[in-house]
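Chain by chain, the residues:
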Amino acid sequence: MKTAKKYFSLLLFLPLFAASCNDTASTTPNPTNSVGATGVNETKILQLVNDLRRQGCNCGATAMPPVATVTWNNLLANAAFDHSKDMEQKSYFSHTSQDGRNPGQRITAKGYQWSTYGENIAKGYANEEAVVQGWQRSEGHCRNIMNGNFTEMGVGKSGDYWTQVFGKR
C-alpha cells in the first residue's frame, strides 16, 4: 500500500513597508459550506483556523495565547489559489514562483496592499481538517496561524497543493 507523502513549508515576512487600501475584498466566505472557486471549503478552513486562534494552542514547545480571529479575503485567496495551481502545473514546491516572484509580489499583483504577510504551503493533504492539523503540528506554520499581527487570510488548493496566505493592510 502506497502512502501519500505530505510536504509543507512556511514563509513569514515582517513589515517591509506600510500601505493602506480601502478595497472591499474582505468578504464572508461562501455560505453554502461547499468548495469554492479557490478549491477549498472557505467556511470550513476559516472556522478551523479561527478556532485555533480563539483557543490558543501549542506551537512546538511554545504555548501560544489566544489571538483575534482573521477574516476571509478574496484577494489573498486568489493569490493562494494561483500559487497552488502554478506549483501543481509546473511540479515544484516553493514559496518562490518559478518566475522569481515571492508571496508579497504575488499578493501585491492581485491588488492587496499589505503591511505584513505570511504564507504556509503544503502538499499531500486530502482536506481542510488534515492540512490545518498538519500546519498546527509544524511549529513555524503554527506560529503563522497564531500570529496576532495578521487580520486576514485566504487559502487556495489545486490538486494536492495548498497555499495559505495571511495579511494585514
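Residues numbered from 1 in each chain as written. Predicted model: local features only at pLDDT ≥ 70, side-chain atom pairs only at ≥ 80, totals over all residues. Heavy atoms only, no water.

Focus on the overall build of the chain
In step 1: Each helix and strand in the chain was counted, giving five helices and eight strands.
In step 2: Shown N-terminal to C-terminal, the secondary structure of the chain runs as helices and strands in the order β-β-α-β-β-β-α-α-β-α-α-β-β.
In step 3: Split into buried and exposed, the 169 residues of the chain put 47% on the buried side.
In step 4: The long-range fraction of contacts in the chain, counting pairs at least 24 apart against all pairs at least 6 apart in sequence, stands at 73%.
In step 5: Carbon and sulfur atoms make up 51% of the accessible area of the chain, which amounts to about 8,000 Å² in all. (Helix = DSSP H or I, 4+ residues; strand = E, 2+ residues; numbered from the N terminus. Buried < 20%, exposed > 50% of the residue type's maximum accessible area, 1.4 Å probe, protein only. Contact = heavy atoms within 4.5 Å. Areas by Shrake-Rupley, 256 points an atom, 1.4 Å probe, with all protein chains shown as cover.)

Details of the pattern of salt bridges
In step 1: Evaluated as defined, the whole model comprises eight salt bridges.
In step 2: Ionic pairing is found between lysine 110 and aspartate 82, a salt bridge with its closest N-O pair at 2.4 Å. Taken together, the residues span a long stretch of sequence, with lysine 110 in the loop between α3 (103-109) and β6 (116-123) and aspartate 82 in helix α2 (residues 74-90) at a distance of 28 residues.
In step 3: For aspartate 82, a relative accessible area of 34% translates into the label partly exposed.
In step 4: Residue aspartate 99 pairs with arginine 101 through a salt bridge whose shortest N-O separation is 3.0 Å.
In step 5: Residue class for aspartate 99 comes out exposed when judged on its relative accessible area of 52%.
In step 6: Given the relative accessible area of 32%, arginine 101 is considered partly exposed. (Salt bridge = Lys/Arg side-chain N within 4 Å of Asp/Glu carboxyl O.)

Things to note about the state of the cysteines
Joining two cysteines, a disulfide is a covalent bond between their sulfur atoms.
In step 1: Counted by the stated rule, this structure contains one disulfide.
In step 2: The thiol of cysteine 57 is not disulfide-bonded; the next cysteine sulfur, from cysteine 142, is found 3.6 Å away.
In step 3: For cysteine 57, a relative accessible area of 11% gives the class buried. (Disulfide = S-S within 2.5 Å.)

Looking at the packing of helix α1 (residues 42-55) against helix α4 (residues 128-137)
In step 1: Orientation of α1 relative to α4, taken along the N-to-C sense of each, is 30°, at an axis distance of 9 Å. One way to sum up the angle between α1 and α4 is to call them roughly parallel. For the crossing formed where α1 meets α4, the hand is right-handed. Seen from α1, the contacting residues are Lys44, Ile45, Leu48, Val49 and Leu52; seen from α4, they are Glu128, Glu129, Val131, Val132, Trp135 and Gln136. (Axes fitted to C-alpha atoms, helices over the stretch in contact; angles between N-to-C directions. Parallel < 35°, antiparallel > 145°, perpendicular 65-115°, else oblique. Left-handed = near helix turned anticlockwise from the far one by under 90°.)

Overview of the pairing of strand β8 (residues 161-168)
In step 1: By the criterion of burial, β8 is predominantly enclosed, with seven of the eight residues buried.
In step 2: The pairing of β6 with β8 spans eight bridges and is classified as antiparallel. Across the sheet, the residue bridging to glutamate 119 is valine 165, located in β8.
In step 3: Examined bridge by bridge, strand β7 (residues 152-158) and β8 share seven bridges and lie antiparallel to one another. For lysine 157, the partnering residue across the bridge sits in β8 and is tryptophan 162. (Pairing = 2+ DSSP bridges.)

Here we look at unusual backbone geometry
In step 1: You will see that serine 91, though not glycine, has its phi angle at about 55°, which is positive.
In step 2: Summarising the element assignment, serine 91 is placed in the loop between α2 and α3.
In step 3: Residue serine 91 is classed as exposed on the basis of its relative accessible area of 60%.

Worth remembering: the numbers are spatial, not functional.
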